[in-house]
Amino acid sequence: MSAGLAAGLEPCVHCGFCLQSCPTYLVTADEADSPRGRIVLIRGLAEGRLDPRDPVLASHLDRCLGCRACEPVCPSGVSYGPALERTRHLLTEARPVPLSVRLVHSIMAERGLGRVLFPLARMMRPAARLLAGRSRLGFPLGMLAATRPSGVARGNGGAQQASRAEPAVAATPAGTAVVLRGCVMDGLFSHVHRATERTLRANGFTVVETDAQGCCGALHAHAGQHEEARELARRNVRAFAAADGATVVADAAGCGAMLKEYGRLLEGDPLEQEAHALAARVRDVTEVLAGSGPRRGAPLELRVAYDPPCHLLHAQGVAAEPEALLAAVPGLKRVRHAGAELCCGSAGSYSLAQPALSHEVLGHKIDALVAARPDVVATGNPGCQMQIGAGLLAAGVKIPVVHPVELLDWSYGKAGYYAE
Ligand code: SF4
Ligand code: SF4
């Protein structure tokens, strides 16, 4: 077995500081479901002492959310995420990725399939909302219902202006940006992309397009489908070369984190240098807007709970910028909820592969949000939006979940920054 499998884990001194940050350990209280325990398992695999076909070993590694909450709290600087990805790849060689997971990943990767299935899914949203619940069918329907654009801005006067396609801008020129469209984001959250583009323009950015971009490959990489992820990365590296010089703006934290790691993903590939160059141009939308100000909008009288996506907070280390974006909306009252920094249990296709543990992890998040009583929850990743939205619907609580940039967009609409 390759010692490279455990690269980045060498500094682990088994201190256990990471245990209380690990959502799966907090639920199961099993050392093998903790970062420290999993590091021991990965080292055992790397040294050939453990067998990747061992189903008990695989179950502990499968139960890892890949949330990377264990990394920023580690005083030794352990780099856990890349080692987990390599290990998952090794495990897929010993036993295949489940059919249901592969099916979902194929829909994300194949733009032709998405073009047929996403419009159907959008049409099903109203029915999905009626049938949403806790059951095996009800929960995925709740996830679909949670992709619907929220009407929460209506009472604040923001929705009408914000729905206009092309804003007129009077701001200092700030540069050129191209939005990463992705798969689920483009199919089910195009309203967030539009909000991203409008707020960028309102802050002086010229927004350009690039054809042929697609799914970032994050779901595939996290599930161990290494070659599929690399192929998707190559497609995006070529596509974004056409918008050379433009900042690549991600409004999905998981996709942004993946693109920032393309250099590592395409290691040894003829496109490795281009992948590093693309990774260096990628920013989350909150980073871009916080870097340009952002200009303040009109007041929105809303109580907001911000739930940071793991792949923004832990994987990208972006914490202050979403706060700066929300601070640009006067009137927003921030409410804090316990465990905001903990994973919601979405984690790509985790809720499909590990529904029981995913729901347990989510349960803590929903309890904390219900106790905080916000008018709206803000989070910057489609998986988190769907997972938390479905959890709230299953709990019978009508709190919408939106992207932070939508709040800024509504505020700008209300301020009259967008033309007729
Ligand atoms: S990963 Fe870091 S925090 Fe966790 S046990 Fe190892 S050294 Fe300690
Ligand atoms: S990535 Fe998340 S779930 Fe996995 S070991 Fe680290 S903290 Fe625990």
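The coordinates are above.
The paragraphs below set out a description of the structure included in this document. (Residues numbered from 1 in each chain as written. Chains lettered and ligands numbered in written order. Predicted model: local features only at pLDDT ≥ 70, side-chain atom pairs only at ≥ 80, totals over all residues. Heavy atoms only, no water.)

On to the site of ligand 2, then. Taken together, 13 residues lie near ligand 2, and Cys22, Cys64, Cys67, Arg68 and Cys70 sit nearest. More than half of the atoms of ligand 2 fall within 2 Å of the grid points belonging to the second largest cavity. Among the elements of the structure, α1 (23–28) and α2 (35–46) are those that each provide at least two residues to the shell around ligand 2. Considering only residue class, the shell around ligand 2 consists of nine nonpolar, two polar and two charged. (Near = heavy atom within 4 Å. 1 Å grid on protein atoms, 1.4 Å probe; cavity = no way out; pocket = protein on both sides within 12 Å on 5 of 7 lines; lining within 4 Å. Sits in = over half its atoms within 2 Å of the grid points. Helix = DSSP H or I, 4+ residues; strand = E, 2+ residues; numbered from the N terminus. Nonpolar A, V, L, I, M, F, W, Y, C, P; charged D, E, K, R; others polar.)

This next bit is on the packing of aromatic side chains. Scanning the model with the defined rule gives two aromatic pairs in all. Here Tyr412 and Tyr417 contribute two aromatic rings whose centre-to-centre distance is 5.0 Å and whose plane-to-plane angle is 55°, an arrangement assigned as tilted. Judged by relative accessible area, which is 0%, Tyr412 ranks as buried. Taken together, the ring pairs connect Tyr412, Tyr417 and Tyr418 into an aromatic cluster. The ring of Tyr418 is capped by Arg198, whose NZ or CZ atom sits 5.9 Å from the centre of that ring. One Lys or Arg, Arg295, reaches over the ring of Tyr417 and ends 4.0 Å from the middle of that ring. (Phe/Tyr/Trp six-rings, centres within 6.5 Å; stacked < 30°, edge-to-face > 60°. Buried < 20%, exposed > 50% of the residue type's maximum accessible area, 1.4 Å probe, protein only. Lys NZ or Arg CZ within 6 Å of the ring centre and 35° of its normal.)

Pairing within the open sheet is parallel, and its four strands lie in the order β6-β5-β7-β8. Only two strands of the sheet have a single partner each, and these edge strands are β6 (333–334) and β8 (401–402). Here strand β7 (residues 376–378) pairs with β8 via two bridges, running parallel. Its bridge partner lying in β8, Val377 is registered against Val401. (Pairing = 2+ DSSP bridges.)

Further remarks concern the site of ligand 1. Around ligand 1, the surrounding shell holds 13 residues, and the nearest of these are Cys12, Cys15, Gly16, Cys18 and Cys74. In this structure the site holding ligand 1 corresponds to the largest cavity. A class-by-class count of the residues in the shell around ligand 1 yields nine nonpolar, three polar and one charged.

Within this structure, the stated rule accounts for zero disulfides. With no disulfide of its own, Cys384 has Cys344 as its nearest cysteine by sulfur position, at a separation of 4.3 Å. According to the relative accessible area criterion, Cys384 is buried, its value standing at 9%. (Disulfide = S-S within 2.5 Å.)

What follows is about the packing of α2 against helix α3 (residues 55–62). For the pair α2 and α3, the least separation of the axes is 10 Å and the interaxial angle reads 130°. By the angle class used here, α2 and α3 are oblique. Seen along the crossing, α2 lies across α3 with a hand that is left-handed. Residues Arg38, Leu41, Ile42 and Leu45 of α2 form the contact with α3, whose participating residues are Leu57, His60 and Leu61. Its residues assigned to classes, the contact of α2 with α3 shows five nonpolar, one polar and one charged. (Axes fitted to C-alpha atoms, helices over the stretch in contact; angles between N-to-C directions. Parallel < 35°, antiparallel > 145°, perpendicular 65-115°, else oblique. Left-handed = near helix turned anticlockwise from the far one by under 90°. Contact = heavy atoms within 4.5 Å.)

Moving on, we get to the pattern of salt bridges. Applying the stated rule across the entire model yields 21 salt bridges. Salt-bridge contacts for Arg230 lead to Glu227; the nearest nitrogen and oxygen are separated by 3.7 Å. Linking Arg230 with Glu227, this pair stays in helix α13 (residues 226–241), spanning three residues, or about one helical turn. (Salt bridge = Lys/Arg side-chain N within 4 Å of Asp/Glu carboxyl O.)

Take the nonpolar core next. Within the largest apolar cluster, 92 residues are counted, with the highest numbers of intra-cluster contacts made by Leu200, Leu259, Tyr262 and Leu407. When residues in this core are grouped by element, the largest group, six residues, is from helix α22 (residues 382–394). Other than its neighbours up to four places away in sequence, Leu200 contacts Ala177, Val179, Phe205, Val207, Val249, Val288 and Leu289. Counting residues in hydrophobic clusters, the runner-up holds 24 residues, among them Ala6, Leu9, Cys18 and Ala83. (Core = buried A, V, L, I, M, F, W, Y, C linked by side-chain atoms within 4.5 Å.)

The next point concerns the environment of Glu10. Relative to the helices and strands, Glu10 is located in the segment before α1. Glu10 sits 266 residues away from His276 along the chain, and the two C-alpha atoms are 25 Å apart.

Here we come to the sheet that holds strand β1 (residues 175–179). Sheet architecture is open: four strands sit in the order β2-β1-β3-β4, paired in parallel fashion. Every other strand in the sheet has two partners, leaving β2 (205–208) and β4 (282–284) as the edge strands with one partner each. The mean angle between the axes of side-by-side strands here comes to 40°, regardless of whether they run parallel or antiparallel. Strand direction decides the pairing type here: β1 and strand β3 (residues 247–250), joined by three bridges, are parallel. Opposite Val178, over in β3, you have Val248 as the bridge partner. The sheet strands contacting helix α16 (residues 272–281) are β3 and β4, and the helix crosses β4 at an angle near 30°.

Here the focus is the packing of α2 against helix α4 (residues 80–94). Two elements in contact, α2 and α4, have axes separated by 11 Å at closest approach and are oriented at 50°. Classified by the angle between their axes, α2 and α4 sit oblique to one another. Every pair of crossing elements has a handedness; the one defined by α2 and α4 is left-handed. Residues Arg38, Ile39, Ile42 and Leu45 of α2 lie in contact with α4, whose contacting residues are Tyr80, Ala83, Leu84, Thr87 and Leu90. Residue composition of the contact of α2 with α4, by class: seven nonpolar, one polar and one charged.

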